[in-house]
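Examination of the molecular architecture
Given next are the chains, with one letter for each unit.
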Amino acid sequence: MSKISNLSFVIPVYNEKDNIIDLHKDLLALVSYYDQQLSDFKYEIIYINDGSTDGSLEILQNLVGNEVKLVNFTNNRGKSYALQKGFSLAQYETVIMMDSDGQDIPNELKKLIAEKENDFDLVSGYKKKRKDSIIKVITSRMSNAFMSLLFKTDIKDFNSGLKVLDRSFAQTLILPEGFHRFIAFFALNAGLTYKEVAVEHRPRIHGKSKYSYFKIFPSSLDMLLLFFTIKRYDLLAIALLFVNSVLAFLALILSRLANFGVLNIYLGFMVLLNAVISAALFKKIREYKNFAKSVI
Ligand code: UDP
Ligand code: MG
């Protein structure tokens, strides 16, 4: 059992002006707890302002000091990229990633840190009672069940934003948008040891969730494509799309020859849609392949 003596917190912030101060206070209380226990304890808090437009930046700028660092994105680049940037800057061996929305409770990190000291490579918070909207809870349960089935793991909460991980692993992660949800899976895939710890979760009191139902579709697609890539079926995925496009195109010609009227418009639309989706998927698969090179 090795005591953790230094911590790099990596915290993305997007329009969280009413949550930052309380979070920061709770974090300082947590680090002073470790400071009292360990003579050589060191920490840093890296906030990544992800293009906030609500005044979060000004609040964060006031917190900057020796241990508190700030990365500022002038545009919103998404949580995945914000985390990746934060990981790249971490100077200590143990990294903690957490949200700044007040839903993750800093004091709960003591449980995770204790497990990390038991030499697990990745420790992740598992929200037993999730304090989110019912739709979000249902979609998240579905996606967790699907992921577990797909990848044959017993992970209960893939998407947990509260994790303690080694910097050496965090810095290998290339995270296209949405991929922060798969960090647990990447760890398992890389043969790392993994532990889920039940944590309390608070409802969001201030600000709005950036999760939207529009993200369900791309996120499901991400899962499938990731699966194809990891299983080295990515060529199969492209081939399927290609066959699909060809079939739709043939159907279009056929219906034109037979003069199916309105069906032409429908099929024309389908061909176009197929082409656009194929191009988008192709781009994604290339991103995944780059990622796969670094982790698989
Ligand atoms: N976040 C971010 N960039 C974004 C969206 C979210 O940095 O484009 C941050 C946000 O400020 C919060 C965390 O990511 O700290 C999780 O966001 P949110 O609470 O909206 O997601 P949810 O918990 O509802 O999935
Ligand atoms: Mg949240």
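Residues numbered from 1 in each chain as written. Chains lettered and ligands numbered in written order. Predicted model: local features only at pLDDT ≥ 70, side-chain atom pairs only at ≥ 80, totals over all residues. Heavy atoms only, no water.

You'll find the protein entered in an unreviewed UniProt entry as Glycosyltransferase, with candidate division WWE3 bacterium given as the organism.

1. Description of helix α4 (residues 109–116)
As a reminder, the rule being used: Between buried and exposed lies partly exposed: a residue is buried under 20% and exposed over 50% of the maximum accessible area for its type, with that area taken using a 1.4 Å probe on protein chains only. Secondary structure elements are defined from DSSP: runs of H or I of at least 4 residues count as helices, runs of E of at least 2 residues count as strands, and each element is numbered from the N terminus. Here the arc refers to the set of directions running from the helix axis out to each C-beta atom. Contact criterion: two residues are considered in contact whenever any of their non-hydrogen atoms come within 4.5 Å of each other.
Among the residues making up α4, those that are buried are Leu-109, Leu-112, Ile-113, Glu-115 and Lys-116. The buried residues of α4 all sit within an arc of 160° when viewed along its axis, so they share a single face. Buried residues in α4 make contact with β1 (6–13), α1 (20–37), β4 (94–97), β5 (122–127), β6 (163–166) and β7 (194–199).

2. Some points on the packing of α1 against helix α2 (residues 56–63)
Using the following cut-off: Axis lines are fitted to C-alpha atoms, over the contacting stretch for helices. Their N-to-C directions set the angle, which ranges from 0 to 180 degrees. Any angle that is under 35 degrees is reported as roughly parallel, and any over 145 degrees as roughly antiparallel; angles of 65 to 115 degrees are reported as roughly perpendicular and all others as oblique. Helix crossings get a hand from a simple test, with the near helix turned counterclockwise from the far one by less than a right angle marking a left-handed crossing and a clockwise turn marking a right-handed one. The nonpolar class holds Ala, Val, Leu, Ile, Met, Phe, Trp, Tyr, Cys and Pro. Asp, Glu, Lys and Arg form the charged class, and all remaining residues, Gly among them, are polar.
For the pair α1 and α2, the least separation of the axes is 10 Å and the interaxial angle reads 25°. Classified by the angle between their axes, α1 and α2 sit roughly parallel to one another. For the pair α1 and α2, the crossing hand works out as right-handed. For the pair formed by α1 and α2, the contact residues are Ile-20, Ile-21 and His-24 on the first element and Ser-56, Ile-59, Leu-60 and Leu-63 on the second. The residue inventory of the contact of α1 with α2, partitioned by class, reads five nonpolar, two polar and no charged.

3. Some points on a nonpolar patch on the surface
Rules: A residue counts toward a patch only above 30% relative accessible area and without a salt bridge, and it is joined to like-charged neighbours within 9 Å or, for Val, Leu, Ile, Met, Phe, Trp and Tyr, to nonpolar neighbours within 5 Å. Per-residue and other accessible areas were derived by the Shrake-Rupley procedure at a 1.4 Å probe size, with only the shown protein chains allowed to occlude residues. Salt bridge, as applied in this entry: a Lys or Arg side-chain nitrogen positioned within 4 Å of an Asp or Glu carboxyl oxygen.
A cluster of nonpolar side chains, contributed by Phe-242, Val-243, Val-246, Leu-247 and Leu-250, occupies part of the molecular surface with about 480 Å² of accessible area. Looking at where Phe-242 falls in the secondary structure, it is placed in helix α9 (residues 234–257).

4. Re the sheet that holds β6
The condition is simple: We treat two strands as partners when DSSP finds at least two bridges between them.
As summarised here, the arrangement of the seven strands in space is β3-β2-β1-β4-β6-β5-β7, forming an open sheet in which the pairing is mixed. A single partner strand is all that each edge strand has here, and the edge strands are β3 (68–73) and β7. Recorded for the sheet is a direction-independent mean angle of 20° between the axes of neighbouring strands. As defined by bridge partners, β5 adjoins β6 across three bridges and the pair is classed as antiparallel. Opposite Ser-124, over in β6, you have Lys-163 as the bridge partner. Across the sheet, α1 is in contact with β1, β2 (42–50) and β3; its angle to β2 comes to roughly 165°.

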